[in-house]
Structures are given as structure tokens and as C-alpha cells.
Amino acid sequence: MGLSILELCSINTTVPKTLQTFSLEKSISFIGCAAQMYIFSAVAVSECLFLTVMAFDRFLAICHPLRYSSVMTPQMCYQLALGPCLIGFVVPFIHTSLIFRYPFCASHLVAHFFCDIPPLLHLTCAETFTIELYIFIVCMCGAVVPFILIFCSYLRILSCLSLIHSSEGRQKAFSTCGSHLMSVIIFFSTAMYVHLRLGTPFSSYRDRMTALFYCVVIPTINPLIYSLKNAEMKRALAKRNAR
């Protein structure tokens, strides 16, 4: 549920304004651009941390099933759900406020379909090394480190799966992890590709196509993937097909 809420926030931050620029008004206000960048960055950081929490949940369920209920108490679940959101909505406030203090004297035309960090830094005529260094550190702590933790969790999960002799048990475990692993690979690879190469020249077409995956495609397909794995959804689809 938490991931679905984050995905809805992400897609509602970028898609409505993008559709509006395609059809009617092809501009965005200064405050609107800052708000869009802040909310999108906050949701992105929150999602990175939330996917890490989900990997920990799967690691605990598969590798330590007898301890799962004692560790993942309702209080712990609430803390693991709210923690990524609190961190995610605090961290982007710094780089958003710093970026929008820069003079945008090169142009006011954003070569993107939403206000993202690389195209806006491309428009500034001031030295951006400090903010780029800060964003790089944020990306390392908010994306690379979580990705490493997820990778280590899945190494342990694979190690535990090798000890399961039942094919049904292995298939159930793979089914539990498959959708999450797919989301992790697509989201982290595209997001890190864009934001860890800020110092390189901005390519509007290539970066727009890459950003399309992590801000439109993934938020659209993730709720569908996870809802199709829901038992109630499966029963509803089975009843519909039986008619």
C-alpha cells in the first residue's frame, strides 16, 4: 500500500502538467517548477528507501521465517513505512532551495517534460560544483547504498533458496520476490543513470527517454504488478473468468 501511494504521488506530480503543456499552456511558474522538483525528488528518495525496506521484509520472511512475526510487529511495520517518507521529504528541501537560488540567465526553456535536476542545472550560468557534489552524495546515500543493501539481501535470499528442496517452496519464494526485484532493477538503474552523471553534458532526448521509465512507466505498472499478486484480486479475476 505504501509503495502504491508513493507511485500515485510520483505520477500525479509529473503527468498532469506534462499533458497540459502538450495540449494547452506550455509554461510552468517558478514556484510550480520548484514544487514539482521538490515533490518528485522527495517521492524518489522515499521510494528508494521503501524498496530497501521491502527487500528486508522479504529477506526476513524467507531466511528467518520463525523470527518474522516477532520482528515485524505492527509497530515496526509502521516505523518502516513512515521512516522512508520522513527522510525522503526532508532531504530534497536543501538541494531544491539551493538550485532555485541560482540565476537562470542562459534560458528559461526547460528541455524536459518536467522540472528535473539535470535540465535546470544546465540552464544556470553560475558555478554548480557545490550543488552537484551535494546531489551526488544524496544519490550515493539515497540510491546507491540502498541498492547495495538490496543486492546483499537477495544474495542471502538466493543462498537460502538453494537449501529449499521443495520446488513448490522455491516457486513461492521466487513469486514473492520477482515483482519487487523487477521494480528495483528498472527504477534504480534509470534513476542512477540520470542523477549520478550530472557533470556530463545534458542530453535532452536521451535523458527524457530514461526519465520516462522511472517517473511514468514504473509508477504505472507497479500498482498493477502488485495488485495482480493480491489474493483478493486473483479471486475476483477467477470469478470474472468463470462467468
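What counts, and where the lines are drawn
- Residues numbered from 1 in each chain as written.
- Predicted model: local features only at pLDDT ≥ 70, side-chain atom pairs only at ≥ 80, totals over all residues.
- Heavy atoms only, no water.
- Core = buried A, V, L, I, M, F, W, Y, C linked by side-chain atoms within 4.5 Å.
- Buried < 20%, exposed > 50% of the residue type's maximum accessible area, 1.4 Å probe, protein only.
- Helix = DSSP H or I, 4+ residues; strand = E, 2+ residues; numbered from the N terminus.
- Contact = heavy atoms within 4.5 Å.
- Disulfide = S-S within 2.5 Å.
- Expected span 1.5 Å × (residues − 1).
- Bend = angle between axes of the 7 residues up to and from the residue.
- 1 Å grid on protein atoms, 1.4 Å probe; cavity = no way out; pocket = protein on both sides within 12 Å on 5 of 7 lines; lining within 4 Å.
- Points joined across faces, edges and corners; volume = space filled by probe spheres on them.
- Nonpolar A, V, L, I, M, F, W, Y, C, P; charged D, E, K, R; others polar.
- Axes fitted to C-alpha atoms, helices over the stretch in contact; angles between N-to-C directions.
- Parallel < 35°, antiparallel > 145°, perpendicular 65-115°, else oblique.
- Left-handed = near helix turned anticlockwise from the far one by under 90°.
- UniProt positions renumbered as here; feature names shortened; annotations may be inferred.

Caption draft 1: Molecular detail of the nonpolar core. Leu 51, Ile 150, Ile 157, Phe 187, Phe 188 and Tyr 214 are the most contacted members of the largest nonpolar core, which has 33 residues in total. Those elements that place two or more of their residues in this core are α1 (2–23), α2 (30–63), α7 (129–161), α8 (167–195) and α9 (204–228). With 11 residues, the single largest contributor to this core is α2. Aside from chain neighbours lying at most four places away, what touches Phe 187 is Ala 44, Glu 47, Cys 48, Leu 51, Tyr 214 and Ile 218. Counting residues in hydrophobic clusters, the runner-up holds 15 residues, among them Cys 33, Met 37, Ile 99 and Phe 100.

Caption draft 2: Here's a closer look at the state of the cysteines. For the coordinates displayed, the defined rule picks out 1 disulfide. Note on cysteine connectivity: Cys 33 is disulfide-linked to Cys 115, with sulfurs 2.0 Å apart. Handedness of the Cys 33-Cys 115 disulfide follows from its S-S torsion of about -120°: it is left-handed. Here Cys 33, found in helix α2, pairs with Cys 115, found in the loop between α5 (92–99) and α6 (117–123); they are 82 residues apart in sequence, far enough to count as distant. Per residue, the accessibility class of Cys 33 equals that of Cys 115, and both read buried. For Cys 9, which is in no disulfide, the shortest distance to another cysteine sulfur is to Cys 85 and amounts to 8.4 Å.

Caption draft 3: Just α7, in detail. Counted at 1.5 Å a residue, the expected span for α7 with its 33 residues is 48 Å, and the 46 Å between its end C-alpha atoms agrees. Taking the largest bend as the criterion, α7 deviates by roughly 35°, centred on Met 140.

Caption draft 4: Layout of empty space enclosed by the protein. The tally for this structure, following the rule as stated, stands at 2 cavities of 30 Å³ or more. Taken as a whole, the second largest cavity holds about 40 Å³ of empty space. Taken together, Ser 10, Phe 40, Val 43, Ala 44, Glu 47, Phe 187 and Tyr 214 form the lining of the second largest cavity. Counting residues per element, the lining of the second largest cavity draws most heavily on α2, at 4 residues. When the residues that make up the lining of the second largest cavity are grouped by side-chain class, the tally is 5 nonpolar, 1 polar and 1 charged.

Caption draft 5: View of the packing of α2 against helix α4 (residues 74–90). Between α2 and α4, the least distance of the axes is 8 Å, while the angle of their chain directions is 150°. As the angle between them shows, α2 and α4 are arranged roughly antiparallel. In this structure, α2 meets α4 at a crossing whose hand is right-handed. Contact with α2, carried on its side by Tyr 38, Ala 42, Val 43, Val 45, Ser 46, Leu 49, Phe 50, Val 53 and Phe 56, involves Leu 80, Ala 81, Pro 84, Cys 85, Ile 87, Gly 88 and Phe 89 of α4 and no other residues of that element.

Caption draft 6: Here's a closer look at the UniProt feature "transmembrane region" (unreviewed entry) in the chain. Mapped onto this numbering, the UniProt entry gives "transmembrane region" (unreviewed entry) at residues 28–56, 77–100, 133–152, 173–196 and 211–228. Split by type, residues 133–152 is 100% helix and 0% strand. Its first and last C-alpha atoms lie 27 Å apart.

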